[in-house]
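Here are the chains, one letter per residue:
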Amino acid sequence: MKRILLLMISSLTLLGCAVEVQPIDFGKAQCHFCQMTIVDRQHASQGVTKKGKQFQYDSIECLVKELLKNGTESDFAILLVSDYGQSKMVSASQATYLISDKIKSPMGENLSAFEAKDKAEATRKEHGGSTYTWDGLKQRFSKDGP
Amino acid sequence: MRGVGSHLAVWLLLACTVGWAEPIEVSPSGSIPTIEAALTLAQDGDTILIHPGVYRENGLKIERPVTLRGVGDPVVDGEFKGTILSVSAPDVTIEGLTLINVGRSYTSEFAAIYLSHSDRFTIRNNILEKAYFGLHVERSKSGLIEGNHISGEALEEADAGNGVHLWRCSGISIRDNVLQGLRDGIYLEFVDDSEVSANTSSDNLRYGLHFMFSDHNDYTNNTFKNNGAGVAVMFSKFIEMRNNRFSHNWGASSYGLLLKEIYDAEVIDNEFEQNSTGIQADGSTRINYLGNRFLRNGWAVKISGACYTNAFHNNSFEHNTFDLSYHGQLHDNSFDGNYWSDYTGYDLDRDGVGDVPYRPVKLFSYIVNRTPETIILLRSLFVDLINFSEKVSPVFTPDNLLDNTPLMKGPVS
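In this text, all values refer to a predicted model and were calculated from it rather than measured experimentally. (Residues numbered from 1 in each chain as written. Chains lettered and ligands numbered in written order. Predicted model: local features only at pLDDT ≥ 70, side-chain atom pairs only at ≥ 80, totals over all residues.)

(A) Layout of the overall build of chain B. Along its length, chain B carries four helices and 37 strands. Projected onto its principal axes, the C-alpha coordinates of chain B cover approximately 95 × 40 × 35 Å. When the 413 residues of chain B are sorted by exposure, 43% land in the buried category. Counted over contacts in chain B with a minimum sequence separation of 6, partners at least 24 positions apart contribute 44%. (Helix = DSSP H or I, 4+ residues; strand = E, 2+ residues; numbered from the N terminus. Buried ≥ 20, exposed ≤ 12 C-beta atoms within 10 Å, placed from the backbone. Contact = placed C-beta atoms within 7 Å.)

(B) Inspection of the overall build of chain A at higher detail. A tally of regular secondary structure across chain A gives four helices and seven strands. Going residue by residue from the N terminus, the α and β elements of chain A occur as α-β-β-α-β-β-β-β-α-β-α. Counting every position in chain A, which comprises 146 residues, the buried fraction comes to 36%. Sequence separation of 24 or more characterises 61% of the internal contacts of chain A that already satisfy a separation of 6 or more.

(C) Layout of the interface of chain A and chain B. Of the residues lining the interface, 13 residues belong to chain A; the matching set on chain B comes to 17 residues. A class-by-class count of the residues in the side of chain A that touches chain B yields four nonpolar, eight polar and one charged. (Nonpolar A, V, L, I, M, F, W, Y, C, P; charged D, E, K, R; others polar.)

(D) Inspection of the nonpolar core at higher detail. In this structure, Ala-111, Ala-112 and Ile-113 of chain B are the most contacted members of the largest nonpolar core, which totals 130 residues. Excluding its chain neighbours within four sequence positions, the residues that come into contact with Ala-112 of chain B are Ile-84, Leu-99, Val-102, Leu-128, Ala-131, Gly-134 and Leu-135 of chain B. (Core = buried A, V, L, I, M, F, W, Y, C linked by C-beta atoms within 7 Å.)

(E) How the structure looks around the confidence of the model for chain B. All names here are of chain B. A residue-level look at chain B finds 93% of positions with pLDDT of 70 or above and a mean pLDDT of 89. Low pLDDT, under 50, characterises residues 12-19; the stretch is placed with four contacts to residues that sit more than four places away or in other chains. In the model output, the complex is listed with pTM 0.85 alongside ipTM 0.74. (pLDDT = per-residue confidence, 0-100.)

(F) Here's a closer look at the pairing of strand 21 (residues 207-212) of chain B. All names here are of chain B. Judged by how many residues are buried, strand 21 sits mostly within the fold: six of six residues are covered. When strand 18 (residues 186-192) meets strand 21, the two strands line up parallel, connected through four bridges. For Tyr-187, the partnering residue across the bridge sits in strand 21 and is His-210. As defined by bridge partners, strand 21 adjoins strand 24 (residues 229-234) across five bridges and the pair is classed as parallel. Bridging across to strand 24, His-210 finds its partner in Ala-232. (Pairing = 2+ DSSP bridges.)

(G) Summary view of helix 4 (residues 381-392) of chain B. With twelve residues, helix 4 of chain B extends 17 Å from end C-alpha to end C-alpha; this agrees with the ideal 16 Å at 1.5 Å per step. Within helix 4 of chain B, only zero of the twelve residues are buried, which leaves it mostly out in the open. (Expected span 1.5 Å × (residues − 1).)

(H) Seen up close, the environment of Asn-297 of chain B. All names here are of chain B. By secondary structure assignment, the location of Asn-297 is in the loop between strand 32 (293-295) and strand 33 (299-303). Overall, the presence of 28 C-beta atoms within 10 Å leaves Asn-297 in the buried class. Through-space distance from the C-alpha of Asn-297 to that of Asn-275 is 4.9 Å; in sequence the pair is 22 residues apart. Not counting residues within four places of it along the chain, the set of residues in contact with Asn-297 comprises Phe-272, Gln-274, Asn-275, Thr-277, Gly-278 and Asn-320.

(I) Layout of the environment of Leu-205 of chain B. Inspection of the secondary structure puts Leu-205 of chain B in the loop between strand 20 (200-202) and strand 21. Residues Leu-205 of chain B and Phe-246 of chain B, spaced 41 residues apart in sequence, show a C-alpha to C-alpha distance of 15 Å.

(J) Local environment of the environment of Gly-45 of chain B. As for its position among the elements, Gly-45 of chain B is in the loop between helix 2 (35-41) and strand 2 (47-50). Overall, the presence of 13 C-beta atoms within 10 Å leaves Gly-45 of chain B in the partly exposed class.

(K) The arrangement of unusual backbone geometry in detail. In this structure, Asn-110 of chain A takes a positive phi of about 55° despite not being glycine. You can call Asn-110 of chain A partly exposed: it has 17 C-beta atoms within 10 Å. At Phe-238 of chain B, a position not held by glycine, the phi torsion is positive, near 55°. Inspection of the secondary structure assignment puts Phe-238 of chain B in the loop between strand 24 and strand 25 (239-242).

(L) Expanded view of helix 3 (residues 363-370) of chain B. All names here are of chain B. Those residues of helix 3 lying buried are Phe-364, Ser-365 and Val-368. The buried residues of helix 3 occupy an angular sector of 100° when the element is viewed end-on, so they sit on one face. Looking at the packing, one finds that the buried side of helix 3 touches strand 36 (322-326) and helix 4. (Arc of directions from axis to C-beta.)

So, in structure tokens, the structure goes:
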């Protein structure tokens, strides 16, 4: 009996610390960086720290700006961005980014992310702009200042 | 039929040669049964009268200056296929139409009426229902948006669009509209020198009114009720906010008014009633808050970091759970000469000003900000004790955060 109890307690504790992504509650959740309510499924982003703390953002630029401002990217176990046009979240470091005046994003940077690189390039050909890798994107934003 | 044809020919001849234009009449049973047909016939400056009926049309293009006027109550049903009316000409007037069922899309911003490069437009007295975006205006100057009723289905769907969405516009008047069930009732991005007045914006998913990167605008006499948050003013300068009513914006991340990174604004004679937070200010500088009334809010005012030269005078704080929450140093913000219903001081010289200063920040509000769950202790004796001891000898709250001249009477009661 004691053993079972111990097992239950330890499993609960482990669950409590699990590094899992909580889905964004669109229309209710608030951007951690700019405080706006998160509504845009094409541009939202989120992160989970190694300790399991959840951070959610209404746009990719808010995520990038917060990471650059606080220098906290290494604290994160998971970083996700919306795959434009697909309504799903994909790994931030693997995605290809497009800044195009034709696709507006919530905080005015006109920044979108694509899981598939060829889709990003195809969209760039259609709408204009330029594509970036995750590292290239951070570089571009650190030049602009926070 | 021949008779009708010759009539038409005569009209066209007159319109072309004499420059005198009879209105083009559209009705389901008439010779011109569709709006599309009327638009192909129309010359610059023509008026198209649309008679009652249901017109199942979408993707209509207005490419020259014309007036579209509904007579009676004509309905244009977009059947959820994209944008209904696209305007790309100056001097266009659209009035008295009911436009319903705008298309939905994750990536295209379909609207009931989309205007681009359309200076001096007038959109008046229309009803837009089941709009994804209602009015979507880009790169246009000097327009009037008046008396429209715009509603969407945002309460069910998070991917709704905005009621009035302006991007890179200037000199626009938005007056007497009703906006409901949208993402943002009114959204202004890169919009300058415009006014928003006497609108009612309620039950919207995100904000009743939202400014982004927009300078030199004012909004007056509007009502914002039961929105995700009432009004958000972000990254903007020189915004005047006067005589508005913010009420019932309840929820964990809800505000009456959210100020973020704004400079040189005036917040005057507004009423904030029953909001989770009346005003939330973050990174806001040179803001004057004068003559506002805060009634029964959770927090009347929350000041976060990096706020400088904010002046609160002659406001009335009545029966809020917390009057003020404050982060960091006082800087040069001032809170003198307001009425606080929680003030327990006295006025021996009877000059209407309390003789002892008032401390608007309660210690308990710090604790609640750190650990929201502690709110359950709000009415306990223990909390009263720590609030009192902090009042007597401030340790956690900035000791110079005082109203040195608290008013004994509220401006209205």
